There are 2 protein chains.
Amino acid sequence: MSSVNINKARWEPRLVTRKKDTGTLSPRSAGTYHHGDLKAALVAAAGEMLEREGPESISFRAVARAAGVSPTAPYNHFPSKEDLLATLAGAGFRELENCQVATVAATQSGQERIVSLGLAYLRFAETHPQLYRLMFGAGVADWCAHPEVAEAKRASFRAIRDALAEQLSGVGDPAEEAVDTAAIAAWALAHGLSMLLIDGSLGAAKDDPSHGKSLIMRILTQFAAGLTPKPSTR
Amino acid sequence: MSSVNINKARWEPRLVTRKKDTGTLSPRSAGTYHHGDLKAALVAAAGEMLEREGPESISFRAVARAAGVSPTAPYNHFPSKEDLLATLAGAGFRELENCQVATVAATQSGQERIVSLGLAYLRFAETHPQLYRLMFGAGVADWCAHPEVAEAKRASFRAIRDALAEQLSGVGDPAEEAVDTAAIAAWALAHGLSMLLIDGSLGAAKDDPSHGKSLIMRILTQFAAGLTPKPSTR
DNA sequence: CGACGATATGAGCAGTGTCAACATTAACAA
DNA sequence: TTGTTAATGTTGACACTGCTCATATCGTCG
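What you are looking at is a predicted structure, and each value in this text was computed from that prediction instead of being measured. (Residues numbered from 1 in each chain as written. Chains lettered and ligands numbered in written order. Predicted model: local features only at pLDDT ≥ 70, side-chain atom pairs only at ≥ 80, totals over all residues. Heavy atoms only, no water.)

**So, the UniProt feature "DNA-binding region" (unreviewed entry) in chain A**
Here the UniProt-annotated "DNA-binding region" (unreviewed entry) positions come out as residues 59–78 of chain A. Structurally, residues 59–78 of chain A is divided into 40% helix and 0% strand, and its ends, taken at the C-alpha atoms, are 13 Å apart. (UniProt positions renumbered as here; feature names shortened; annotations may be inferred. Helix = DSSP H or I, 4+ residues; strand = E, 2+ residues; numbered from the N terminus.)

**Looking at the interface of chain B and chain A**
Contact residues are listed per partner, giving 28 residues for chain B and 29 residues for chain A. Across the chain B/chain A interface, buried area totals approximately 2,800 Å², and carbon plus sulfur atoms make up 65% of it. Where chain B meets chain A, there are two salt bridges. Here Arg-218 of chain B and Glu-177 of chain A are joined by a salt bridge, their closest N and O atoms 3.7 Å apart. Counting across the interface, chain B meets chain A through 10 residue pairs in polar contact (both at pLDDT 80 or more). (Contact = heavy atoms within 4.5 Å. Buried area = accessible area lost by both parts, 1.4 Å probe. Salt bridge = Lys/Arg side-chain N within 4 Å of Asp/Glu carboxyl O. Polar contact = N/O pair within 3.5 Å; in protein donor to acceptor, adjacent residues only side chain to side chain.)

**A word on helix α2 (residues 60–67) of chain B**
Side chains that are three or four residues apart share a direction in an α-helix, a result of its 3.6 residues per turn. All names here are of chain B. By the burial criterion, the buried members of α2 are Phe-60, Ala-62, Val-63, Ala-64 and Ala-67. Among the structural elements, α1 (40–53) and α3 (81–106) are those in contact with the buried residues of α2. The first or second residue beyond α2 is Gly-68, which carries a positive phi of 80°. (Buried < 20%, exposed > 50% of the residue type's maximum accessible area, 1.4 Å probe, protein only.)

**Observations regarding the nonpolar core**
With 126 residues, the main nonpolar core has Tyr-132, Met-135 and Phe-136 of chain A together with Tyr-132, Met-135 and Phe-136 of chain B as its most contacted residues. Not counting chain neighbours up to four residues away, the residues in contact with Met-135 of chain A comprise Ala-89, Gly-92, Phe-93, Leu-96, Phe-124, Trp-143 and Lys-153 of chain A. (Core = buried A, V, L, I, M, F, W, Y, C linked by side-chain atoms within 4.5 Å.)

**Examining the relation of the copies chain B and chain A**
In screw terms, the move from chain B to chain A is a rotation of 180° and a rise of 0.0 Å along the axis, fitting with an RMSD of 0.1 Å. Within this description, the copies of the chain are treated as partners about a two-fold rotation axis. Looking at chain B, 96% of its interface residues are interface residues in chain A too, so the copies touch through the same face. (Least-squares fit on C-alpha atoms with pLDDT ≥ 70 in both.)

**Details of the side chain of Gln-167 of chain A**
Positionally, Gln-167 of chain A belongs in helix α6 (residues 147–168). Those residues in contact with Gln-167 of chain A, other than ones at most four positions away along the chain, are Gly-110, Gln-111, Ile-114, Leu-227 and Thr-228 of chain A.

**Let's talk about the pattern of salt bridges**
Here the structure, examined in full by the defined rule, presents 18 salt bridges over all chains. We note a salt bridge from Arg-161 of chain B to Asp-180 of chain B, for which the minimum N-O separation is 2.4 Å. Placement of the pair is Arg-161 of chain B in helix α6 (residues 147–168) and Asp-180 of chain B in helix α7 (residues 177–198), with a sequence separation of 19 residues. Each of Glu-151, Arg-154 and Arg-158 of chain A takes part in salt bridges that share partners, so that together they form one network.

**What about unusual backbone geometry?**
Residue and element names in this part refer to chain A. A positive phi angle is found at Lys-39, which is not glycine, with a value near 70°. Topologically, Lys-39 is positioned in the segment before α1 (40–53). Judged by its relative accessible area of 40%, Lys-39 is partly exposed. Phi angles above zero are rare outside glycine, and Ala-141 is one such case at about 75°. Considering the arrangement of structural elements, one finds Ala-141 in the loop between α5 (129–135) and α6.

**Observations concerning the environment of Ala-125 of chain A**
Residue and element names in this part refer to chain A. Take Ala-125: it is sitting in helix α4 (residues 111–127). Given the relative accessible area of 1%, Ala-125 is considered buried. Residues Ala-125 and Ser-194, spaced 69 residues apart in sequence, show a C-alpha to C-alpha distance of 5.9 Å. Discounting chain neighbours no more than four positions away, the residues touching Ala-125 are Tyr-132, Ser-194 and Ile-198.

**Details of α1 of chain A**
All names here are of chain A. Between its first and last C-alpha atoms α1 spans 20 Å; for 14 residues at 1.5 Å apiece the expected length is 20 Å, and the two agree. When α1 is considered as a whole, its buried residues turn out to be Leu-42, Ala-45, Ala-46, Met-49 and Leu-50. Along the long axis of α1, the arc covered by the buried residues comes to 145°, so they all point the same way. Exposed and oriented more than 90 degrees from the buried face of α1 are Glu-48 and Arg-52. If you follow the buried residues of α1, they end up packed against α2 (60–67), α3 (81–106) and α5. (Expected span 1.5 Å × (residues − 1). Arc of directions from axis to C-beta.)

**Some words on the confidence of the model for chain A**
Residues and elements named next belong to chain A. In this model, chain A carries an average pLDDT of 85, and 81% of its residues clear a pLDDT of 70 or more. Of the regions scoring below 50 in pLDDT, residues 1–10 engages in zero contacts with residues more than four places distant in sequence or in other chains. In the predicted structure, residues 15–30 sits below a pLDDT of 50 and forms 14 contacts with residues beyond four places in sequence or in another chain. (pLDDT = per-residue confidence, 0-100.)

**Focus on the packing of α3 of chain B against α6 of chain B**
Residue and element names in this part refer to chain B. In contact at an axis separation of 8 Å, α3 and α6 are set at 15° when each is read in the N-to-C sense. Between α3 and α6, the angle is such that the two are roughly parallel. Handedness of the α3/α6 crossing: left-handed. Each of Ala-86, Ala-89, Gly-90, Phe-93, Arg-94, Leu-96, Glu-97, Gln-100, Val-101 and Val-104 in α3 lies in contact with α6, whose residues at this interface are Glu-148, Val-149, Ala-152, Lys-153, Ala-155, Ser-156, Ala-159, Ile-160 and Ala-163. (Axes fitted to C-alpha atoms, helices over the stretch in contact; angles between N-to-C directions. Parallel < 35°, antiparallel > 145°, perpendicular 65-115°, else oblique. Left-handed = near helix turned anticlockwise from the far one by under 90°.)

Put into structure tokens, the structure is as follows:
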């Protein structure tokens, strides 16, 4: 009667012989007590849970459960839950940076490169919304205790700044200050748009994707055009 | 060592006769069992805790403790913790909207009004960083279950949109679409800058405030100037 | 006075992050 | 082989959380 009480086994030490496949990846591929490569498994499990339930509902115990180990096993690999999340966030920034440099490399310089860069940024945010939220502090209060995340973030910003610097160098001297202004403005614009899109603040725009896309395009194009004060004669 | 274990008294029903001062504010000013105006007290306590510890570390029980009532008393006024936070967020958006309309009213139309509006937005975010984070979903996953918050957010966006519409109407017909583009771009820019400032992503810029301020000014000015394609003759 | 509805309390459940003590294992030295 | 050691996993426990229930208290209105 009621209270079916699943998970009565509480934790249930798995006895299955998990050998995977002659350890191309898992260095030990142990039998039952030692997991071949926890840490990687934890990161993977946490990554899946992240996009499924969002950073604020991730629990250390739940990722341990998903990885098939006891609730405190993760403490052998991460000092705290926040460190696990920091690992995810850091990897997220590195992936974002890859998207950015790939986009820059794939388009020849000019206004459209800036637009492409912005589109790539937005696409990343829309593809991994919860990861993106985590990267910017959702459910964590502050990354300042995790320098690695801050560094990865800085690296991803540098990709924006470099692209902007080259773009601006087309019309005179780069002027450090002007580059900073443009780069931070670009980052803020992309970040703001991403956040507003993710949390549904731009609900109407997202409903019909074509309209939403064109709106994004207009904003990005306008921004890119604004970088060169007098683009054409006229 | 360590683990001093304060709060051993667990809850400690206060018997102090709290009469405040002949209820100018509290309608009942009760003696001991019934709090004169919980709900207001809870909101106030939560508001203080918010800025002190951030939205993710706020606990329902802790605000009850701060208000001097039992851990479950708040449930008579808020269906859940999220509803308390939603109340704070809604109030935050209304206050932000007030700042915006006040700023618009206090400056005559033109580019500098747009700049002032942006500055007011950023000042609000910098003054109540944790409130601002909460308003945009930090520690809550999603506001879509709380329409009141979404509505308050929309109202605050409308203030931006209206200002932009008037600004654009100075150079021809407003063209709905163009207004949307500009308004959303403005919001995204302000929101992105606010977030980046709050979470320390722009660490360097914030270190010396004068440099930071001028950077913000340059960004906002450039944006405002970009609204009118050909500001001067030249 | 008595009944009722609003409000506050208390115990309790399931779940959380974290820690200390213990068990198991692989690797290495004798 | 045997023994030691350091990784790695497990168990049990503590303090805390959000939330639900049954119960107690109070103001108010009949």
